[in-house]
Amino acid sequence: MRVTPDILGRPWSEAKPMLEAAGTPFVWELTRPTKHFFSVDEQRLYVVRVTEREEGGFSVVLAAHMVPKD
C-alpha cells in the first residue's frame, strides 16, 4: 500500500501540489449534489474521498463548496 499525503478535506488548490510533490500518481473526478438546495461554487473544490486504485496510485473525488441559496 502506498502512502498518500493527508489531503482529505483540504482545498484542491492545496491537495494537488501535495500529491505532485510526493510523486503520488492520481486521477480525480468531480461529484455534484443530486439536490439543488444549495448553490455550488465550482471555483472552490475540496477533497471529499481518497481511495487506492488497483493499478496503483489514488482516486481523488472532489466536490464544489456549497453555498446556501438566498
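Values in this document were obtained by computation on a predicted structure and should not be read as measured data.

A. Seen up close, the packing of aromatic side chains. Enumeration over the complete set of coordinates arrives at two aromatic pairs. Ring centres of Trp12 and Phe26 lie 5.8 Å apart, and the angle between their planes is 80°; on these two criteria the pair is classed as edge-to-face. Taken together, the residues span a long stretch of sequence, with Trp12 in helix α1 (residues 12-22) and Phe26 in strand β1 (residues 26-31) at a distance of 14 residues. When its relative accessible area of 22% is taken as the criterion, Phe26 is described as partly exposed. For the ring pair Trp12 and Trp28, a centre distance of 6.4 Å and an interplane angle of 45° mean the geometry is tilted. With Trp12 in helix α1 and Trp28 in strand β1, this residue pair connects regions lying 16 residues apart in the sequence.

Parameters at a glance
Residues numbered from 1 in each chain as written. Predicted model: local features only at pLDDT ≥ 70, side-chain atom pairs only at ≥ 80, totals over all residues. Heavy atoms only, no water. Phe/Tyr/Trp six-rings, centres within 6.5 Å; stacked < 30°, edge-to-face > 60°. Helix = DSSP H or I, 4+ residues; strand = E, 2+ residues; numbered from the N terminus. Buried < 20%, exposed > 50% of the residue type's maximum accessible area, 1.4 Å probe, protein only.

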